[in-house]
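Examining the three-dimensional arrangement
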Amino acid sequence: MKRKTLFDTLTRKKYDVVCLQETYITDNDADLWEREWGGLLFYSSVSNRSMGQVVLFKKGFAFEVTLAHVASRIVSVSVRLD
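The shown structure was predicted, so the numbers you read here are calculated from the model rather than taken from an experiment.

**Focus on the sheet that holds strand 2 (residues 40-44)**
A sheet is described by the order of its strands in space; here three strands give the open sequence 1-3-2, paired in antiparallel fashion. Pairing within the sheet leaves two strands with one partner each, and these edge strands are strand 1 (17-23) and strand 2. The mean angle between the axes of side-by-side strands here comes to 15°, regardless of whether they run parallel or antiparallel. By the bridge criterion, six bridges tie strand 1 to strand 3 (residues 52-57) in an arrangement that is antiparallel. Residue pairing across strands places Thr23 opposite Gly52, the latter belonging to strand 3. Sitting on the sheet, helix 2 (residues 30-37) touches strand 1, strand 2 and strand 3, and the angle it makes with strand 2 is about 145°.

**Some thoughts on a nonpolar patch on the surface**
Side chains of Leu40, Val65, Val79 and Leu81 sit close together on the surface and give an oily, nonpolar patch of about 290 Å² of accessible area. What makes Val79 partly exposed here is its relative accessible area of 34%.

Basis of the calculations
Residues numbered from 1 in each chain as written. Predicted model: local features only at pLDDT ≥ 70, side-chain atom pairs only at ≥ 80, totals over all residues. Heavy atoms only, no water. Pairing = 2+ DSSP bridges. Helix = DSSP H or I, 4+ residues; strand = E, 2+ residues; numbered from the N terminus. Axes fitted to C-alpha atoms, helices over the stretch in contact; angles between N-to-C directions. Contact = heavy atoms within 4.5 Å. Patch = residues over 30% accessible without salt bridge, like charges linked within 9 Å, V, L, I, M, F, W, Y side chains within 5 Å. Areas by Shrake-Rupley, 256 points an atom, 1.4 Å probe, with all protein chains shown as cover. Salt bridge = Lys/Arg side-chain N within 4 Å of Asp/Glu carboxyl O. Buried < 20%, exposed > 50% of the residue type's maximum accessible area, 1.4 Å probe, protein only.

Spelled out as C-alpha coordinates, the structure:
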(Lines give C-alpha, C1' and ligand atoms only; values in the text may rest on other atoms or scores of the structure.)
Protein backbone atom coordinates (compact mmCIF):
# COMPACT_ATOMS: atom_id res chain seq x y z
CA MET A 1 0.00 0.00 0.00
CA LYS A 2 2.86 2.40 0.82
CA ARG A 3 4.51 1.74 -2.54
CA LYS A 4 1.27 2.36 -4.47
CA THR A 5 0.72 5.62 -2.60
CA LEU A 6 4.32 6.68 -3.28
CA PHE A 7 4.10 5.80 -6.99
CA ASP A 8 0.77 7.67 -7.29
CA THR A 9 2.29 10.75 -5.64
CA LEU A 10 5.40 10.66 -7.85
CA THR A 11 3.23 10.30 -10.96
CA ARG A 12 1.04 13.26 -9.97
CA LYS A 13 4.13 15.40 -9.37
CA LYS A 14 5.32 14.45 -12.89
CA TYR A 15 8.90 13.56 -11.94
CA ASP A 16 10.96 12.07 -14.78
CA VAL A 17 13.65 10.47 -12.62
CA VAL A 18 13.36 9.49 -8.97
CA CYS A 19 16.04 8.08 -6.66
CA LEU A 20 14.87 6.15 -3.60
CA GLN A 21 16.96 4.80 -0.78
CA GLU A 22 16.27 2.46 2.10
CA THR A 23 13.95 0.31 0.04
CA TYR A 24 13.45 -3.37 0.73
CA ILE A 25 13.27 -4.40 -2.91
CA THR A 26 14.39 -7.93 -3.73
CA ASP A 27 15.11 -9.65 -7.03
CA ASN A 28 11.73 -11.38 -6.70
CA ASP A 29 9.93 -8.02 -6.30
CA ALA A 30 11.66 -6.07 -9.08
CA ASP A 31 9.25 -7.10 -11.87
CA LEU A 32 6.25 -6.20 -9.70
CA TRP A 33 7.75 -2.81 -8.83
CA GLU A 34 8.45 -2.11 -12.51
CA ARG A 35 4.87 -3.03 -13.50
CA GLU A 36 3.41 -0.88 -10.71
CA TRP A 37 5.68 2.05 -11.57
CA GLY A 38 5.01 1.70 -15.29
CA GLY A 39 8.51 2.75 -16.33
CA LEU A 40 12.04 1.45 -16.13
CA LEU A 41 13.94 0.94 -12.89
CA PHE A 42 17.43 0.05 -11.75
CA TYR A 43 17.94 -1.28 -8.24
CA SER A 44 20.37 -2.76 -5.77
CA SER A 45 19.29 -5.37 -3.30
CA VAL A 46 21.26 -7.28 -0.75
CA SER A 47 18.44 -9.23 0.91
CA ASN A 48 14.87 -8.76 2.08
CA ARG A 49 16.28 -7.79 5.48
CA SER A 50 18.60 -5.05 4.28
CA MET A 51 17.97 -1.81 2.50
CA GLY A 52 18.60 -1.13 -1.15
CA GLN A 53 18.45 1.71 -3.66
CA VAL A 54 16.14 2.24 -6.64
CA VAL A 55 16.35 4.66 -9.57
CA LEU A 56 13.00 5.07 -11.35
CA PHE A 57 12.56 6.46 -14.88
CA LYS A 58 9.08 7.63 -15.91
CA LYS A 59 7.37 5.81 -18.76
CA GLY A 60 7.84 7.79 -21.95
CA PHE A 61 10.88 9.70 -20.65
CA ALA A 62 13.28 9.96 -23.61
CA PHE A 63 16.73 8.77 -22.57
CA GLU A 64 19.39 6.26 -23.51
CA VAL A 65 21.28 4.34 -20.85
CA THR A 66 24.99 4.65 -21.60
CA LEU A 67 26.22 2.87 -18.46
CA ALA A 68 24.55 1.11 -15.56
CA HIS A 69 26.44 -0.22 -12.57
CA VAL A 70 24.80 -1.98 -9.66
CA ALA A 71 26.72 -3.18 -6.61
CA SER A 72 25.53 -4.18 -3.15
CA ARG A 73 24.30 -0.75 -2.03
CA ILE A 74 25.16 1.37 -5.06
CA VAL A 75 23.16 2.13 -8.19
CA SER A 76 24.89 4.25 -10.81
CA VAL A 77 23.16 5.03 -14.10
CA SER A 78 24.61 7.26 -16.80
CA VAL A 79 22.09 8.44 -19.37
CA ARG A 80 22.09 10.46 -22.55
CA LEU A 81 19.24 12.92 -23.08
CA ASP A 82 18.14 14.51 -26.34
